[in-house]
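Okay, here's what each chain looks like letter by letter:
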Amino acid sequence: MKIHQWVPAAHRGDAIGDSARAVRDMLRGMGHDSEIFALTIDDNMREEAVPFADAAATGGDVTIFHFALPSPMTEAFAQLRGRKVLQYHNITPAAFFAPYDAGLFRLAALGRRELATLAGRVDLALGDSEFNRQELEALGFGRTGVMPIAVNTARITGAPRRPALERILGDGLINILFVGRIVPNKRIEDHIRLAEMYKRYVDAYYRFIFVGRYDGLPRYYDQIRALVNQYEMLPDRFWFTGPVPDEDLAAFYRWADAYVSLSEHEGFCVPLVEAMAADVPIVAYAAGAVPETLGGAGLLFEPRDLEVAAELLGSVVYDRGLRDGVLEGQRRRLRDFAPERIEAKLRDSLATLIQ
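Reading the values: the criteria
- Residues numbered from 1 in each chain as written.
- Predicted model: local features only at pLDDT ≥ 70, side-chain atom pairs only at ≥ 80, totals over all residues.
- Heavy atoms only, no water.
- Salt bridge = Lys/Arg side-chain N within 4 Å of Asp/Glu carboxyl O.
- Helix = DSSP H or I, 4+ residues; strand = E, 2+ residues; numbered from the N terminus.
- Buried < 20%, exposed > 50% of the residue type's maximum accessible area, 1.4 Å probe, protein only.
- Phe/Tyr/Trp six-rings, centres within 6.5 Å; stacked < 30°, edge-to-face > 60°.
- Lys NZ or Arg CZ within 6 Å of the ring centre and 35° of its normal.

**Student:** I would appreciate a short explanation of the pattern of salt bridges in the present structure.
**Tutor:** When charged atoms on two side chains of opposite charge get close, those side chains can pair. Within this structure, the stated rule accounts for 30 salt bridges. The shortest N-O distance in the salt bridge between Asp190 and Arg304 comes to 2.8 Å. With Asp190 in helix α7 (residues 188–201) and Arg304 in the loop between β13 (299–301) and α12 (306–318), this residue pair connects regions lying 114 residues apart in the sequence. For Arg347, the salt bridge identified is with Glu343, shortest N-O distance 3.2 Å. Residue Arg347 and its partner Glu343 are located together in helix α14 (residues 339–354), separated by four residues, close to a single helical turn. Residue Arg347 is classed as partly exposed on the basis of its relative accessible area, which comes to 43%. Using a relative accessible area of 24% as the deciding quantity, one classes Glu343 as partly exposed. One salt-bridge network, held together by shared partners, links Arg187, Glu189, Asp190, Arg193, Glu264 and Arg304.

**Student:** Could you clarify how one ought to interpret the packing of aromatic side chains in this entry?
**Tutor:** For any pair of aromatic rings, the description rests on two quantities: the centre-to-centre distance and the angle between the ring planes. Using the criterion set out here, one finds 19 aromatic pairs in the structure. Ring plane angle 70° and centroid distance 5.2 Å describe the contact between Tyr100 and Tyr220, whose orientation is recorded as edge-to-face. With a gap of 120 residues between them, Tyr100 in the loop between β5 (83–88) and α3 (102–116) and Tyr220 in helix α8 (residues 218–230) connect regions that are remote in the sequence. Both residues of the pair, Tyr100 and Tyr220, count as buried. Ring geometry for Tyr198 and Tyr206: centres 6.4 Å apart, planes at 85°, overall edge-to-face. The class of Tyr206 is buried, set by a relative accessible area of 2%. Here a set of aromatic residues connected by ring pairs shows up, and it is made of Trp6, Phe52, Phe65, Phe67, Phe77 and Tyr88. Over the ring of Trp239 we find Arg207, and its NZ or CZ is 4.8 Å from the ring centre.

Remember that the coordinates give geometry; whether it matters functionally is a separate question.
Here you go:
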């Protein structure tokens, strides 16, 4: 059987692209013909994806469409004759972007509207979390299910050492890590407020590290930097690295004393799985799919009280017994994202489709 996947863009290190490649390899291992088709393909991905303009793109017996933004793929997917599987990776609500960028506001709003046009036109709609599946159901999709992202944790656990960077990270400061885009739904401003609470009540020897693009919303990034100045904090205690290669990302996880998520909206949150794989204790605000992805692991807090968050952060850094217990719980949860379990879910989804 030909089971193809469509992704709008093929980027290495991108969570959706990494998951699509893992699923393709699983499908091939099951004996299916499987390719990934993309509208745009990075140079280092030419061997991994086929241009969407290729005639074979529409020739699948089953086509899995990874939806995360509006694109010409959407209507083309709806018109396919073969069986159609939507894999929904969530779209950040447009309201988060309204104060900062009209273009991104419009893109997010169009994405939600475009997603709704597929209701009733696919054979199976999968969210990569129950949180996302419920959104599909609310939009009117009939047959729904959950298919988690296949997270490539090997790029963290198997990366080579970075001695120069690790010497800096090992200078005695407590490293508190966040990985992801610097965008409003991530509530990066609350990380700065958390740092002030942590400094006031726990420890002044800290460093907050933000790994991910910060140039997408300049007004928002400037607001965060202004907050650091407002609190009269040391600017070198806040690292905004931009995108980094896998070797550097692995070093940041390796030397992190804790991982913090204060996001208000997450459809899955891949860095939580990466942090669990790197054995980094997690402190997270319980919003969106975060509680579901953690599955009882890590330290969740709600309501949004940053003094409580600072106390939890200090405890997981300095209380060895608590830290060990958190890490053990995360190791148990990580097993649920093992490749063999993801493959079993993939088989189950395909079985329901071809019955």
